[in-house]
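Single-letter residue listing:
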Amino acid sequence: MGKPRQLVQKNLHGWCTMKRLLAIAVPAFLLLAMACAQPAESAGTQDNWSVKLTFFTQNSTDLLPITIGEGASTKETMKPPPMPGKAVTSNADDAIVNAYVKVAGKKAAESVAQADTSLPGRVWPIEINVEEGAAAVYVSGDFSNYYGGYTYYLMDLENGKRIEIPKNNTPVAVFTSGANGGVKTVYVMAGSSESMAATADNKLMGGIKVPGRSSGKLGNLAVTVNGTAKSATTNDDGFFTIDGVGPGTYTIRVDGPNLIASEGTLTVGADGSASVALEDPLAGDINDNAVCDITDFVLLKKCFGKDSEGGDCGQVVTLDSSDLNKDGVVDISDFVLMKKAFGKAEPGL
Ligand SMILES: [Ca+2]
Ligand SMILES: [Ca+2]
Ligand SMILES: [Ca+2]
């Protein structure tokens, strides 16, 4: 039960190593990778979708299912807040979902309740009541009616984790064994891009994804709230929080070495909640001059085929800045990433 996430990541590293060894077969491997990236079958639409999350302990009879979503598919359960990027309608559909998981007792599901429906929100807070010395809490998702255009995450503010919920029912740990007891809140976030941010109680939280980079390689990206002195740096999972973002309209900007910065507009209402789907920042600006063009292409070419064991790229460019997906080697995958960014310029400051 609860296959450890680390194992999965280890396998991915192994996969990358294998890919490197078989560099000669790169085109075939690209095809394979593309096949892997295909989303699971999705039946939902943008306005009528649902995702059922089931929280449980090692005792698989302790199940707590909750459903989030939009439209008729969720009418028997809970009405969620609108999606990031959509207007807050402040009608009864804008519900905050609270769920309680009692871990040490016999039952995981103590209650599932719809909280104050007059309070609009754009993330779904889920409260988990973890008893002291409790076993791990896991979550798995049923995505049979999800909308494939959205991605979904659980945000664990206490541990600074952005938890990706696998679409194949694989459980992931939310809180591991030995977690301190008490009520903990995780937030479900969903949006049309993989990078997203939202506020709850004037705390800005979010996750940044750089296409092509795996979780664990998304650290040290700068997130700034333009017009304020507020900023944060992402951790390796792309997770960040910024406190004290009160009502107002802000431009959120994300940038980092060799990236074309992205921006999104966040309007925080009087209740302190709002959300924004950010454009994913794209890797490809190797010389960091705010545009991805032929100069960057030439620099990338200087490092082609190089890895940490295979020599440097000459005087003008480092292997690290050309390794756009941060897998330790400069190869065709990095060119594919650069193609996404090619011709793009950063929004002006
Ligand atoms: Ca940049
Ligand atoms: Ca450039
Ligand atoms: Ca690379």
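Look up: the structure comes first, before these words.
So, how was this worked out
Just so you know, the residues in each chain are numbered from 1, in the order the chain's sequence is written. Chain letters start at A and ligand numbers start at 1, both assigned in the order the entries are written. At least 70 in pLDDT is required for a residue's local features to be given in this predicted model, at least 80 for side-chain atom pairs to be given and counted, and no such filter applies to totals for whole chains, interfaces and linings, which use all residues. Side-chain figures throughout are based on the complete set of non-hydrogen atoms in the structure, without hydrogens or water. Because no water is among the atoms considered, metal sites can look incomplete, with donors defined as N, O and S atoms within 2.8 Å of the metal, or 3.2 Å for Na, K and Ca. Square planar and octahedral assignments, for four and six donors respectively, both demand that opposite donors be over 155 degrees apart and that all other angles lie between 65 and 115; tetrahedral needs four donors with all angles between 85 and 135 degrees, and anything else is irregular. Here's how the labels work: a residue is buried when its accessible area is under 20% of the maximum for its type, exposed when over 50%, partly exposed in between, all with a 1.4 Å probe on protein chains only. Note on ring pairs: Phe, Tyr and Trp rings are taken, using the six-membered ring of Trp, and paired if centres are within 6.5 Å. Classes follow the plane angle, with under 30 degrees stacked, over 60 edge-to-face and the rest tilted. Only DSSP runs of H or I reaching four residues or more are called helices, and only runs of E reaching two or more are called strands; each is numbered from the N terminus. Disulfides are defined in this document as cysteine sulfur pairs within 2.5 Å. Residues belong to a common nonpolar core when they are buried Ala, Val, Leu, Ile, Met, Phe, Trp, Tyr or Cys residues joined through side-chain atoms within 4.5 Å. Contacts were defined at the residue level, with two residues in contact if any of their heavy atoms lie within 4.5 Å. Paired strands, as defined in this entry, are two strands with at least two bridges between them according to DSSP.

This part is about the coordination of the calcium ion (ligand 2). Each donor-metal-donor angle in an ideal tetrahedron of four donors is 109.5 degrees, and each such angle in an ideal octahedron of six donors is either 90 or 180 degrees. With distances of 2.2 to 2.6 Å, the protein atoms coordinating the calcium ion (ligand 2) are Asp285 (OD), Asn287 (OD1), Asn289 (OD1), Val291 (O), Asp296 (OD) and Asp296 (OD). Around the calcium ion (ligand 2), the 6 donor atoms sit at angles spanning 52 to 159 degrees, and that spread fits a shape best called irregular. Written as a sequence motif, the donor residues of the calcium ion (ligand 2) are D-x1-N-x1-N-x1-V-x4-D. Looking at Asn289, the relative accessible area reads 39%, which means it is partly exposed.

Enumeration according to the criterion identifies 3 aromatic pairs in this entry. Measuring from centroid to centroid gives 5.4 Å for Phe143 and Tyr146, while their planes differ by 90 degrees, and the two rings are edge-to-face. By the burial criterion, Phe143 is buried, and Tyr146 matches it. Ring geometry for Phe304 versus Phe335: centroids 5.5 Å apart, planes at 55 degrees, classification tilted. In this pair, Phe304 is assigned in the loop between α3 (294–302) and α4 (319–322) and Phe335 in helix α5 (residues 332–341), connecting sequence segments 31 residues apart. On the basis of relative accessible area, Phe335 is assigned to the buried category, the value being 16%. These aromatic residues form a ring-pair network of at least three members: Phe297, Phe304 and Phe335.

A separate point is the state of the cysteines. Counted according to the given criterion, the structure contains 1 disulfide. Bridging Cys303 to Cys313, the disulfide has an S-S length of 2.2 Å. For the disulfide bridge between Cys303 and Cys313, the dihedral angle about the S-S bond is near 120 degrees, and by the sign convention the bridge is right-handed. A residue pair is termed long-range when its members are at least 10 positions apart, and Cys303 in the loop between α3 and α4 and Cys313 in the loop between α3 and α4 qualify at 10 residues.

In this structure, Leu204, Phe240, Ile242 and Ile252 are the most contacted members of the largest nonpolar core, which totals 36 residues. Beyond its immediate stretch of four places on either side in the chain, Ile242 contacts Asn202, Lys203, Leu204, Val223, Val225, Lys230, Ser231 and Ala232.

Most of strand β12 (residues 203–207) is tucked away, with 4 of its 5 residues classed as buried. Direction of pairing for strand β11 (residues 195–200) relative to β12: antiparallel, over a ladder of 5 bridges. Each bridged residue has a counterpart across the sheet, and for Ala200 the counterpart in β12 is Lys203. Where β11 folds back onto β12 in an antiparallel hairpin, the turn is made up of 2 residues, including Asp201, whose phi is positive at roughly 50 degrees. Here β12 pairs with strand β15 (residues 239–242) via 4 bridges, running antiparallel. Bridge assignment links Gly206 to a residue of β15, and that residue is Phe240.

Keep in mind these numbers describe shape, not what the thing actually does.
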